[in-house]
Amino acid sequence: QNRAGRSPYRVPSFSRVRVDADRMVTTEQSVLPVQRRFGRAARLSLLFALLILLASTAQVAYRASLPTDGWFSIQDLDSTYWEYQVNLAGAVSDLQLGDEVIGVEGRSLAALNEDGPPPFWQAGQTVTYDVRRSGEQLPIEVPLVHWTPQALLRFFSSYPASALSTVAGVTLVGVGFLAFLKRPEDPAARALLIFVAAIGAVSISEFIPDGLYTYLYPLAAIATGFFSYVIYGALLLPALLSFTLVFPRPKPVVMRRPWLAYAPFVLGAFILIGLILFPNAWQIGWGGTMLMVVASVISLIHSALTMRDAISRAQLLWAIGGIVLGLGLFALYFPSAFGWVGPPWDYWFTIIGDLGVPVMVLGLAMAVLRYRLFDIDVIIRRTTSYAILTALLALVYLGTVIVLQRLLTPFTGQSDVAVVLSTLLIAALFLPLRRRVQNVTDRRFLRRKYDAVTT
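Rules used in this analysis
Residues numbered from 1 in each chain as written. Predicted model: local features only at pLDDT ≥ 70, side-chain atom pairs only at ≥ 80, totals over all residues. Heavy atoms only, no water. Salt bridge = Lys/Arg side-chain N within 4 Å of Asp/Glu carboxyl O. Helix = DSSP H or I, 4+ residues; strand = E, 2+ residues; numbered from the N terminus. Pairing = 2+ DSSP bridges. Contact = heavy atoms within 4.5 Å. Phe/Tyr/Trp six-rings, centres within 6.5 Å; stacked < 30°, edge-to-face > 60°. Buried < 20%, exposed > 50% of the residue type's maximum accessible area, 1.4 Å probe, protein only. 1 Å grid on protein atoms, 1.4 Å probe; cavity = no way out; pocket = protein on both sides within 12 Å on 5 of 7 lines; lining within 4 Å. Points joined across faces, edges and corners; volume = space filled by probe spheres on them. Nonpolar A, V, L, I, M, F, W, Y, C, P; charged D, E, K, R; others polar.

Visitor: Please clarify how the pattern of salt bridges should be interpreted in this entry.
Guide: For side chains bearing opposite charge, pairing can occur when the charged atoms are close. Under the counting rule described, the total for this entry stands at two salt bridges. A salt bridge links Asp99 to Arg133, with the shortest nitrogen-to-oxygen separation between them at 2.8 Å. Residue Asp99 is located in the loop between strand S4 (82-87) and strand S5 (100-104), and its partner Arg133 is located in strand S7 (residues 126-133); the two are separated by 34 residues in the primary sequence. Arg132 is the salt-bridge partner of Glu100, the closest N and O atoms lying 2.9 Å from each other.

This is how it looks when you write it as structure tokens:
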């Protein structure tokens, strides 16, 4: 600037300059920054997302207060029996792994569901289960208890996939809210917020194991059915389809008719109504979910073919990559759901399928927040560096603990000194080792940065 405070260099008002890889690119297209302003649509989206999460939390608290037999069990597709898997509460009974409970106190499960909670279903009471074991029907006395923190910890330790799913769900809710707060006026960010709120509601609902006790109480049965199963077709996948209609920017037909962005939620409402009218027709939910999955993929492919600007294509790479990989993993649910595979493959298919939604959401969140905030080169560089650093520190720690224990135990009589010294050594090595590893990875993966620093 000169002394008058005016710049002698004139910059055209119609252009913006941005750094793209290793060259300067001037675009003659005005790109207006997205204002972080909470309009009516943003406020309603945020309110709806918070209500979904609060409702799921409330129904979990309600289910935790109900009497239970304390077992983790799985209901068959025809709802004729419950197969018992693990005794979580530790109440002593003659129930065994693989027992199929077909009735209680001489009444079938269907009759129990119609009549509501029986008067004998109280914590501290003992009830008689009609159990089918190896083709033989047996009466077994089972005590009723309440859920305890120890029982829930035993559930997550027995089924690590459930713990992973819960942690991933909570993390993804944070990612979705971050994207929304960065872009509250972006319709794609609002749709992503509803999507992750539905995921969070499912994760919260899985915090308390499902079981026979749930279906003896009409309110608990409705809440569990919605937040653990129906929500996929009624809210989660409609939000994903709505996202693809407005990402990275609304399609021309949506701009002419904005109500089309909400059409997927109408389809979700029809699925919900259909399952209410025909509760045993679970194929309605799976069929509608699969239909919206296919429609979401088609919508993204259409955007990739019609949106040619550099920023949109970069965002689409993140979104399409995350959705394709996530849906590929999520599709592994279908073989086990439809009975196409049996044990133990159905269990492993379900575990791998749990990774589909987290992968999908991470890709979508990165795309909404603009790909330049999450440069793939930076991700590769940091992931590689910290993975190598963690492995090296772990080897050094284990090695020094073993060596120091053998050297010091004859003199000190205990191994705590070796652990303390190893920890201090790791703390001293962290920073210099991180710099050395970062230098090596930059030389291998980010040569331009390494050359620039060297110069």
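Visitor: Looking at this model, I keep getting lost on the pairing of strand S8 (residues 136-143). Mind explaining?
Guide: In summary, the side chains of a regular strand alternate between the two faces of the sheet. As judged from the eight bridges shared by S7 and S8, these two strands associate in the antiparallel manner. Counterpart to Val127 in the pairing with S8 is Val142. In sequence, S7 turns back onto S8 through a hairpin of two residues, with Ser134 there showing a positive phi of about 55°.

Visitor: What should I look at first to understand the side chain of Lys251 in this one?
Guide: Its location among the elements puts Lys251 in the loop between helix H6 (218-246) and helix H7 (252-256). Setting aside residues no more than four positions away along its own chain, Lys251 makes contact with Thr244, Leu245, Ser299, His302 and Ser303.

Visitor: Explain the packing of aromatic side chains to me, please; I cannot follow it from the model alone.
Guide: Given two aromatic rings, their pairing is described by the distance between the two centres and the angle made by the two planes. Applying the stated criterion across every chain, the model contains nine aromatic pairs. Between the aromatic rings of Trp82 and Tyr215, the centroid separation amounts to 5.5 Å while the plane-to-plane angle is 50°, which identifies the pairing as tilted. Taken as a pair, Trp82 in strand S4 and Tyr215 in the loop between helix H5 (187-205) and H6 lie far apart in primary sequence, 133 residues in all. You can call Trp82 buried: its relative accessible area is 2%. Judged by centre distance (4.9 Å) and plane angle (20°), the ring pair of Phe243 and Phe247 falls under stacked. The class for Phe243 is buried, based on a relative accessible area of 1%. Overall, Phe247 belongs to the buried group, its relative accessible area being 1%.

Visitor: Could you clarify how one ought to interpret the pairing of S4 in this entry?
Guide: Of the pairings in the sheet, the one linking strand S3 (residues 71-75) to S4 comprises five bridges and is antiparallel in character. Directly across from Phe72, in S4, lies its bridge partner Val86. Here S4 runs beside S5; their pairing, made up of two bridges, is antiparallel. Residue pairing in the sheet places Trp82 in a bridge with Val101 of S5.

Visitor: What am I meant to see in empty space enclosed by the protein here?
Guide: It is the rolling of a water-molecule-sized probe over the atoms that shows where space remains empty. Taken as a whole, this structure holds one cavity of 30 Å³ or more when the rule is applied. Here the largest cavity defines a volume of roughly 60 Å³. As for the largest cavity, its lining consists of Phe195, Tyr232, Leu236, Leu237, Leu240, Val293, Leu327, Phe330, Val357 and Met360. Breaking the lining of the largest cavity down by element, the ones donating at least two residues are H6, helix H10 (310-330) and helix H13 (356-368). Sort the elements by how many residues they give to the lining of the largest cavity and H6 lands first, with four residues. When its residues are assigned to classes, the lining of the largest cavity shows ten nonpolar, no polar and no charged.

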